[in-house]
Amino acid sequence: MNEEVYTGLLTRIIENEQSFYGNLAIEIFRKINGLDISSDGKILAISGDLKDVIRDIVVEYKKFDGDLSLKLIKSILEAYKSSYPGIDFPIIQ
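What this report covers is the structure whose coordinates are included nearby. (Residues numbered from 1 in each chain as written. Predicted model: local features only at pLDDT ≥ 70, side-chain atom pairs only at ≥ 80, totals over all residues. Heavy atoms only, no water.)

Structural notes on the pairing of strand E2 (residues 43–46)
Phase 1: Two strands pair when backbone bridges link them, and strand E1 (residues 35–37) and E2 are joined in this way by three bridges, in the antiparallel orientation. Bridge pairing links Asp 36 to Ala 45 in E2.
Phase 2: Counting the residues that bridge the hairpin from E1 to E2 gives five residues, and of these Gly 41 lies at a positive phi of roughly 95°. (Pairing = 2+ DSSP bridges. Helix = DSSP H or I, 4+ residues; strand = E, 2+ residues; numbered from the N terminus.)

Looking at the pattern of salt bridges
Any two side chains of opposite charge can pair, so long as their charged atoms come close to each other.
Phase 1: Scanning the entire structure with this criterion turns up four salt bridges.
Phase 2: Ionic pairing is found between Lys 51 and Asp 88, a salt bridge with its closest N-O pair at 2.6 Å. Pair noted here: Lys 51 is in helix H3 (residues 50–65) and Asp 88 is in the segment after helix H4 (67–83), with a separation of 37 residues, a long-range link.
Phase 3: The shortest N-O distance in the salt bridge between Glu 60 and Lys 63 comes to 3.1 Å. In this pair, Glu 60 and Lys 63 are both assigned in helix H3, three residues apart and thus about one turn of the helix distant.
Phase 4: The class for Lys 63 is exposed, based on a relative accessible area of 61%. (Salt bridge = Lys/Arg side-chain N within 4 Å of Asp/Glu carboxyl O. Buried < 20%, exposed > 50% of the residue type's maximum accessible area, 1.4 Å probe, protein only.)

Describing helix H2 (residues 23–30)
Phase 1: Those residues of H2 that fall on the buried side of the exposure criterion are Ala 25, Ile 26, Ile 28 and Phe 29. The buried side chains of H2 occupy one side of the element, clustering within an arc of 160° when seen end-on.
Phase 2: Check the buried side of H2 and you find it contacts helix H1 (2–21), E1 and H3. (Arc of directions from axis to C-beta. Contact = heavy atoms within 4.5 Å.)

A few points about H4
Phase 1: End to end, H4 covers 24 Å across 17 residues, agreeing with the expected 24 Å (1.5 Å per residue, within 8%).
Phase 2: Lining the buried residues of H4 we find H1 and H3. (Expected span 1.5 Å × (residues − 1).)

Description of the nonpolar core
Phase 1: Leu 9, Leu 10, Phe 29, Leu 35 and Ile 57 are the most contacted members of the largest nonpolar core, which totals 29 residues.
Phase 2: Of all the secondary structure elements, the ones that give two or more residues to this core are H1, H2, E1, E2, H3 and H4.
Phase 3: Ignoring any residue separated from it by four or fewer positions in sequence, one finds Leu 9 in contact with Ile 54, Ile 76, Leu 77, Tyr 80 and Phe 89. (Core = buried A, V, L, I, M, F, W, Y, C linked by side-chain atoms within 4.5 Å.)

Digging into the packing of H1 against H2
Phase 1: Relative to each other, H1 and H2 sit at 135°, their axes nearing to 6 Å. Accordingly, the angle class assigned to the pair H1 and H2 is oblique. Judged by residue contacts, Leu 10, Ile 13, Ile 14, Glu 17, Gln 18 and Tyr 21 of H1 engage Asn 23, Leu 24, Ala 25, Ile 26 and Phe 29 from H2. (Axes fitted to C-alpha atoms, helices over the stretch in contact; angles between N-to-C directions. Parallel < 35°, antiparallel > 145°, perpendicular 65-115°, else oblique.)

Read these as spatial facts, not as claims about activity.
The structure is reproduced here in structure tokens:
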């Protein structure tokens, strides 16, 4: 169940980032250890700690565009926390 929810969360984040950065968003996601993503942005597999994958995405985007993506990712994450209160999501600061 958690992996399905995280896959949905990651899909939402990448779709959001693609609307701003196009294929560059996919390239940033492909740098993340524990995340297998297709060339068109589909999440194929998540391995390792799910919270670490989210944290690593935040780190990569902060390097890329500072706080812009951070704010958007936080808002998506908050929506998922509300929808899935029983799942332990990472705290992003």
